[in-house]
Amino acid sequence: MGDLDEVSSAPITPRPPISAPPSQYHSPSLTRSPLLSTAADGIETSKTPRSSTPKTSTPRTGTPRIRTPRFITPIGSPIRRALRLTRLDPEDAWLPITESRNGNAYYAAFHTLCSGIGFQALALPVAFTILGWAWGVIILTLTFIWQLYTLYILVQLHESHETGMRYSRYLQLCNSTFGEKLTNWLALFPILYLSGGTCVALIVLGGQSSKTFFQVVCGEGCTLHPLTTAEWYLVFTCAAVLLSQLPNLNSIAGVSLIGAVTAVGYCSLIWVISVAEGRLPGVSYDPIRSGSWLKRSLEVLNGLGIVAFAFRGHNLILEIQATMPSDEKHPSRVPMWKGVKVAYTIIAMCLFPLAIAGYWAYGGRIPKAGMLTALYTYHSRDAAQLLLGLTSLFIIINAVSSFQIYGMPLFDEGESKYTKRMKKPCPWWLRVIIRTFTGFSFFFVAVAFPSFGSVAGLLGGITLPVTLAYPCFMWLKVKKPKAQGSIWWLNWVLGVVGLGLSGLLIIAGVFTVIDSGIQGSFFNP
């Protein structure tokens, strides 16, 4: 008779409850989560041993019998998955991006549409002057499909079924996938620029459009003393900072809706007015070519960069999805993708007519600044002043609205410094100070560096991987598709091409800055 093997059942250590601030107990993602359940909810938190005396058994082969733990049995597996479905950081309930998780597909569509259509799209006809009709349409279509695919990847990677984590910010997903050091080197500056740099550009655009709107409304014989450009920047910044006091990302859903409607409005007005006024006399559609081979190559790269830079907002997708409730039966990726599909259908209906109609109307004579400058340069006297004023007003409203959603990640980062150190929510007065200081810091940069657009190509090349390359590598690292399979090859090719294109655009941007210099003067907008 072999040795006796004593097998005893040990008491199960109860799972400590996870605390969260009272403000988030009503969040749908938490009320559905079993992590907040207690014994009063009908879930047993501890068990006593079945017997105080050990049981004995005789192994069949003389070796100790191995018991299968209960938590990996078929019955225990769903429970285990449910318990780890959403690992929540209590501090998320105190930060503006994740403070409210009551979002839905409509909110997602509003935010995505407001952040997806921007002033960069007004330069698309300029790219056509370099690429021509055929290549311009082909590259615009391929880039649209490419960025929509990477957008789909980000939506799918927001939640991890293996760890139960929700990656509520782009940098969080980068840190988890690539590591903190590599993220700081490759992704930190592009993401900060896509938020802060866009806010600076919006102040410049909003201030200049405010000045134009005043001139259109006041008329040629106006006797009122006009403000300077810097003063218009200040007026716009004050309005943006005042609106930025709304507490969280869900609370600006109405603002994003207004921004989305006005973005569609001014894009449509610009191309409709251009087509209605007809083509310019002597317009040419021959692609612009410089003398040397090097300059022609740089021009083509510049055209590609303009097309790629027209699509923005990928750095905000995870933040938008973080405002939604999620559980195993109702994952947030479903309503999020519905909202994204609606938003990008409308975006396509704006960008393609804007690029094609703009190039048809102006051809090679379109200014380098894009469609807005062309509209006021060629049609300021022909077109109805009401339509020109309405276009400027829509641009101002859209710029103020877009400022809120692009500034939110920076507000969130500023408040997170306080919550991590003090372990409590940021008080309202400190939140006001943080957002006011951040907004007027953007104003200072806009006034000090008004020629921000001179280096837009260079900065666009630096930020391009955030949209077109990094999501592909994230999918390879997280999902681990079958090697040499179609999905594996697709993501490798897109990721490598995206990085290569980014490098070429950076080289072209540096060469352009060295060759032509930075236009404008400091502190003189």
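Residues numbered from 1 in each chain as written. Predicted model: local features only at pLDDT ≥ 70, side-chain atom pairs only at ≥ 80, totals over all residues. Heavy atoms only, no water.

- As annotated in an unreviewed UniProt entry, the protein is Amino acid transporter transmembrane domain-containing protein from Tripterygium wilfordii.
- Of the comments in the UniProt record for the protein, the one headed Sequence similarities (unreviewed entry) reads "Belongs to the amino acid/polyamine transporter 2 family. Amino acid/auxin permease (AAAP) (TC 2.A.18.1) subfamily."
- Of the protein, the UniProt comment under Subcellular location (unreviewed entry) reads exactly: "Endomembrane system". (UniProt positions renumbered as here; feature names shortened; annotations may be inferred.)

1. Details of the overall build of the protein
Next up, step 1: On a plain count of helices and strands, the protein comes out with 18 helices and two strands.
Next up, step 2: Split into buried and exposed, the 525 residues of the protein put 48% on the buried side.
Next up, step 3: Pairs at least 24 residues apart make up 83% of the contacts formed inside the protein by residues separated by at least 6 positions.
Next up, step 4: Accessible surface, the protein as shown: approximately 25,900 Å² in total, 66% of it carbon and sulfur. (Helix = DSSP H or I, 4+ residues; strand = E, 2+ residues; numbered from the N terminus. Buried < 20%, exposed > 50% of the residue type's maximum accessible area, 1.4 Å probe, protein only. Contact = heavy atoms within 4.5 Å. Areas by Shrake-Rupley, 256 points an atom, 1.4 Å probe, with all protein chains shown as cover.)

2. Section: the confidence of the model for the protein
Next up, step 1: In the predicted model, the protein carries a mean pLDDT of 81, and 79% of its residues have values of at least 70.
Next up, step 2: Here helix 1 (residues 28-31) stands out as the least confident element of the protein, with mean pLDDT 38; helix 12 (residues 333-362) is the most confident, with 95.
Next up, step 3: In this model, residues 1-10 is a region of pLDDT below 50 whose contacts with residues beyond four sequence positions or in other chains number 15 contacts.
Next up, step 4: Contacts for the low-pLDDT stretch residues 15-86, under 50 throughout, to residues beyond four places or in other chains number 86 contacts. (pLDDT = per-residue confidence, 0-100.)

3. Regarding the packing of aromatic side chains
Next up, step 1: Counted according to the given criterion, the structure contains 18 aromatic pairs.
Next up, step 2: When the centroid spacing of 5.7 Å and the interplanar angle of 25° are considered together, the rings of Tyr-362 and Tyr-378 count as stacked. With Tyr-362 in helix 12 and Tyr-378 in helix 13 (residues 371-379), this residue pair connects regions lying 16 residues apart in the sequence.
Next up, step 3: Of the residues examined, Tyr-378 reaches a relative accessible area of 24% and is grouped as partly exposed. (Phe/Tyr/Trp six-rings, centres within 6.5 Å; stacked < 30°, edge-to-face > 60°.)

4. A short note on the packing of helix 9 (residues 253-277) against helix 13
Next up, step 1: Relative to each other, helix 9 and helix 13 sit at 40°, their axes nearing to 10 Å. For the pair helix 9 and helix 13, the crossing hand works out as left-handed. Contacts between helix 9 and helix 13 involve Ile-270, Trp-271, Ile-273, Ser-274 and Glu-277 from the former and Met-371, Leu-372, Leu-375 and His-379 from the latter.
Next up, step 2: Class assignment for the residues of the contact of helix 9 with helix 13 results in six nonpolar, two polar and one charged. (Axes fitted to C-alpha atoms, helices over the stretch in contact; angles between N-to-C directions. Left-handed = near helix turned anticlockwise from the far one by under 90°. Nonpolar A, V, L, I, M, F, W, Y, C, P; charged D, E, K, R; others polar.)

5. Some words on the nonpolar core
Looking at soluble globular proteins, one finds that nonpolar side chains tend to be buried together.
Next up, step 1: Ranked by internal contacts, the top residues of the largest apolar core, which has 95 residues, are Leu-124, Tyr-170, Ile-203, Ile-270, Met-336 and Met-474.
Next up, step 2: The element best represented in this core is helix 12, accounting for 14 residues.
Next up, step 3: When sequence neighbours within four positions are dropped, the list of residues in contact with Met-474 reads Leu-154, Leu-157, Tyr-170, Leu-173, Cys-174, Thr-177, Phe-178 and Lys-479. (Core = buried A, V, L, I, M, F, W, Y, C linked by side-chain atoms within 4.5 Å.)

6. Observations concerning the pattern of salt bridges
Next up, step 1: This model, assessed by the stated rule, comprises seven salt bridges.
Next up, step 2: The closest approach of N and O atoms between Lys-417 and Glu-413, which form a salt bridge, is 3.2 Å. One end of the pair, Lys-417, and the other, Glu-413, are both in helix 14 (residues 385-422), four residues apart, so they sit about a helical turn from each other.
Next up, step 3: In this structure, Glu-415 engages Arg-435 in a salt bridge whose closest nitrogen and oxygen atoms are separated by 3.3 Å. With Glu-415 in helix 14 and Arg-435 in helix 15 (residues 428-448), the pair connects residues that are 20 residues apart, well separated along the chain.
Next up, step 4: Look at Glu-415 and you get buried, because its relative accessible area is 0%.
Next up, step 5: Residue class for Arg-435 comes out buried when judged on its relative accessible area of 0%.
Next up, step 6: Salt bridges sharing partners connect three or more residues here, namely Asp-92, Arg-101, Arg-169 and Asp-412. (Salt bridge = Lys/Arg side-chain N within 4 Å of Asp/Glu carboxyl O.)

7. Let's talk about the side chain of Glu-159
Next up, step 1: As for its placement among the helices and strands, Glu-159 is situated in the loop between helix 4 (124-157) and helix 5 (170-178).
Next up, step 2: Side-chain polar atoms of Glu-159 contact the side chain of Ser-332, separated by 3.0 Å.
Next up, step 3: Setting aside its immediate chain neighbours within four residues, Glu-159 contacts Met-165, Arg-166, Ser-326, Pro-331, Ser-332 and Arg-333. (Polar contact = N/O pair within 3.5 Å; in protein donor to acceptor, adjacent residues only side chain to side chain.)

8. Notes on the state of the cysteines
Next up, step 1: On inspection of all chains with the given rule, the structure shows zero disulfides.
Next up, step 2: The structure places no disulfide on Cys-350, whose sulfur is separated from the nearest cysteine sulfur, that of Cys-267, by 5.2 Å. (Disulfide = S-S within 2.5 Å.)

9. A short note on helix 14
Next up, step 1: With 38 residues, helix 14 extends 55 Å from end C-alpha to end C-alpha; this agrees with the ideal 56 Å at 1.5 Å per step.
Next up, step 2: Downstream of helix 14 by a residue or two, Lys-423 has a phi angle that is positive, lying close to 60°. (Expected span 1.5 Å × (residues − 1).)

10. Topic: the environment of Tyr-359
Next up, step 1: Examined against the element boundaries, Tyr-359 turns out to sit in helix 12.
Next up, step 2: When its relative accessible area of 0% is taken as the criterion, Tyr-359 is described as buried.
Next up, step 3: Dropping the residues within four chain positions of it, Tyr-359 is found in contact with Pro-125, Phe-128, Thr-129, Gly-132, Trp-133, Tyr-285, Asp-286 and Gly-364.

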